[in-house]
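If you want the building blocks of each chain, they are given just below.
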Amino acid sequence: MLVLKLIRFVLGYVCFTACGGFPERFINLCKNRGILLWELKCRNGVIIACTDRAGYRSIRPVAKKSGMRVRIKKKYGLPFFLNRHSRRAGVLVGICFCAAVLCILSTRIWSIDVVGNTAVSSEEIIGVFEELGVKKGVAGKKVDINSVELSALKKLPDITWLNININGSAALIEVRERVVSPDTDDDNTPTDIVAARDGQIVILRPFNGTQEQKIGNPVLKGDLLISGIEENRDLTVSFCKAKGYVVARTNRQINVAQNSKITAMKAVSEKKSYIIEFLFFKIPLGRIPENAYKEKREIFINGVTLPVSITECTQTVYEEKNITLSQPETEMLAALRFLDRCSGEFKHLKVEESKLSAAKSETACTLGGQFVCLENIGEERRMQIEEIPQ
Amino acid sequence: MRNRRKSNNRGERIIESITRNLDLPQDAVSGYAHIEISGNREAIIEGCQGVLEYGDNLIALNTGRLTVRVCGCGLTIVSMQNGQAIIKGTITGVDYCN
């Protein structure tokens, strides 16, 4: 029925009323003369019906014969619309312009997306493709996909495979990144493992080399823990790369002092301006400062990227200011700095015991912490070997 | 005249008996109208030869041998072409008369 309605709309049809006379005779005469009637209603002796344009032209004699008066209620369809607006040149020009814009833009690339990348940024990949001619506004059919793919692979060493799919006005670049093989320890330079911090050994596991300390021994920074010199059965020695891990109980101290008077940068003024981008045309709205922070916003409709984007440029002027914090603010800032240092230092170790202290005054706040930790203190140190010429 | 009517009746009877014995649809051979009614909203009448009466509450159609009268309210002939009439509206009854 939708197709029928569409055909009727394209060909145009007339809705009319017919009153007086003999409705039955009118309908039968229409049927006999091949005049199509549909949506035929009879309300209080008045017939309301629809017919096509040709049918309406030949309905007058039928109406006259059946004694009915026919009057047009409304004309529907494209021919009537075009006839009504034929004198409006602007509409015609607008329709032609719209059609031309649609025809031209539908062959151009509007958006470029990259999928499958983690290590190599999308901007880098898009940048390489833009150098090779695949950029917004370029006709999709003119892109030589095979040569572009080969050239892009040469320019992107961390990409092992890539494929560009141009679907309508969207270009989708699929990539597979190079998987870096894990480092194999091929370096056989003789090394020792020494203590990186003072502490008491809790766990000692040598995998290669000679154990020099025992569990429970206190060690100082730089003490030898696992030696890279191995004694053979024939009492000769050979050098190797010492391997193993040594966990020791260590002491750490963190102190943070925060003054209530601080100097900070404060935003004084903020100025915004916009740039409208249409494919490769940029239209700045106002003066764009050089050092402005730019944020680009793409416009989507139903998940389809339009070739228009708006870039918001924000220029913020900062001024150095002396600020006096209140006591709670000072304490909070001190606590934040303390936590920040703790999270940095205790990333790879386990805290066994902790003792926290705080000293507050009107102008300052000092936070301190003493921690007993378990951590790997083993550190590689290259051996100094001198070859004696024989 | 009487002889012709007699021969017509005999011919009809023969056709009817053949149709019945061969399980053929009645409307295909004997010239009856084929009527399909969907609920009380739509009636499709095939074999329609003309409109005898047309109103909001009654539509009478000539189907050759019979006159089909569709009663109801808000009745509309949605389309009428190639001997097929589609009537829509609230149908309350369908009558047949010779």
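The paragraphs below set out a description of the structure included in this document.

Rules of the game
- Residues numbered from 1 in each chain as written.
- Chains lettered and ligands numbered in written order.
- Predicted model: local features only at pLDDT ≥ 70, side-chain atom pairs only at ≥ 80, totals over all residues.
- Helix = DSSP H or I, 4+ residues; strand = E, 2+ residues; numbered from the N terminus.
- Buried ≥ 20, exposed ≤ 12 C-beta atoms within 10 Å, placed from the backbone.
- Contact = placed C-beta atoms within 7 Å.
- Pairing = 2+ DSSP bridges.
- Core = buried A, V, L, I, M, F, W, Y, C linked by C-beta atoms within 7 Å.
- Axes fitted to C-alpha atoms, helices over the stretch in contact; angles between N-to-C directions.
- Arc of directions from axis to C-beta.
- Left-handed = near helix turned anticlockwise from the far one by under 90°.
- Nonpolar A, V, L, I, M, F, W, Y, C, P; charged D, E, K, R; others polar.

1. A short note on the overall build of chain B
The helix and strand tally for chain B stands at two helices and six strands. Secondary structure elements of chain B, listed N to C terminal, follow the sequence α-α-β-β-β-β-β-β. For chain B, with 98 residues in total, the buried portion stands at 21%. Residue pairs at least 24 apart in sequence account for 36% of intrachain contacts in chain B once pairs closer than 6 positions are excluded.

2. Here's the deal with the overall build of chain A
The helix and strand inventory of chain A stands at nine helices and 22 strands. For chain A, the proportion of its 390 residues judged to be buried stands at 18%. Restricting to contacts in chain A with at least 6 residues of sequence separation, those with at least 24 account for 67%.

3. Focus: the pairing of strand S8 (residues 191-195) of chain A
Residues and elements named next belong to chain A. Burial analysis of S8 places five of its five residues in the buried class, the great majority of the element. In this structure, S8 lies alongside strand S22 (residues 378-382), joined through five bridges in antiparallel fashion. Within the sheet, the bridge partner assigned to Ile193 lies in S22 and is Glu380. Here S8 runs beside strand S12 (residues 224-227); their pairing, made up of two bridges, is antiparallel. Across the sheet, Ile193 pairs through a bridge with Ile226, a residue of S12.

4. Re the pairing of strand S15 (residues 243-259) of chain A
All names here are of chain A. Here seven bridges tie strand S9 (residues 199-208) to S15, and the two strands are oriented antiparallel to one another. Across the sheet, Pro206 pairs through a bridge with Gly244, a residue of S15. Where S15 lies against strand S21 (residues 364-376), 13 bridges are found, and the strand directions are antiparallel. The residue bridging Asn259 from the neighbouring strand is Ala364, located in S21.

5. Details of the nonpolar core
Counting 34 residues, the largest nonpolar core has Ile45(B) and Ile87(B) as its most contacted members. Looking at which element gives the most residues to this core, the answer is strand S5 (residues 67-81) of chain B, with five residues. Setting aside residues no more than four positions away along its own chain, Ile45(B) makes contact with Ala33(B), Ile35(B), Leu61(B), Thr63(B), Val68(B), Ala85(B) and Ile87(B). Within the second largest apolar cluster, 16 residues are counted, among which are Ile109(A), Trp110(A), Leu162(A) and Ile173(A).

6. Here's the deal with the sheet that holds strand S16 (residues 261-278) of chain A
All names here are of chain A. Spatial strand order, S17-S16-S19-S18: four strands in an open sheet with antiparallel pairing. Since the sheet does not close on itself, it has two edges, and those belong to strand S17 (281-285) and strand S18 (293-301), each with one partner. Each strand axis lies, on average, 35° off the axis of its neighbour in the sheet, ignoring direction. For S18 and strand S19 (residues 304-324), the ladder comprises eight bridges, and the chain directions are antiparallel.

7. A few points about helix H4 (residues 59-66) of chain A
All names here are of chain A. Among all positions of H4, only Ile59, Val62 and Ser66 are buried. Buried positions in H4, seen along its axis, are confined to an arc of 60° and lie on one side of it. Of the residues in H4, the exposed ones pointing more than 90 degrees away from the buried face are Arg60, Pro61 and Lys64. Next to the buried residues of H4 lie helix H2 (23-32), strand S3 (46-52), helix H3 (53-57) and strand S4 (69-76). Backbone geometry just after H4 places Gly67 at a positive phi near 70°.

8. Some points on unusual backbone geometry
Generally, phi is negative for residues other than glycine and the peptide bonds are trans, each holding for most cases. Although it is not a glycine, Leu235(A) sits at a positive phi angle of roughly 65°. Along the chain, Leu235(A) falls in the loop between strand S13 (229-231) and strand S14 (237-239). Located in the positive-phi region is Asn82(B), a residue other than glycine, with phi close to 55°. Counting through the fold element by element, Asn82(B) comes out in the loop between S5 and strand S6 (84-97).

9. Some words on the packing of H2(A) against H4(A)
Residues and elements named next belong to chain A. Their axes nearest at 9 Å, the elements H2 and H4 cross at an angle of 145°. At the point where H2 passes H4, the crossing takes the right-handed sense. On H4, the residues that touch Arg25, Phe26, Leu29 and Cys30 of H2 are Val62, Ala63, Lys65 and Ser66. Its residues assigned to classes, the contact of H2 with H4 shows five nonpolar, one polar and two charged.

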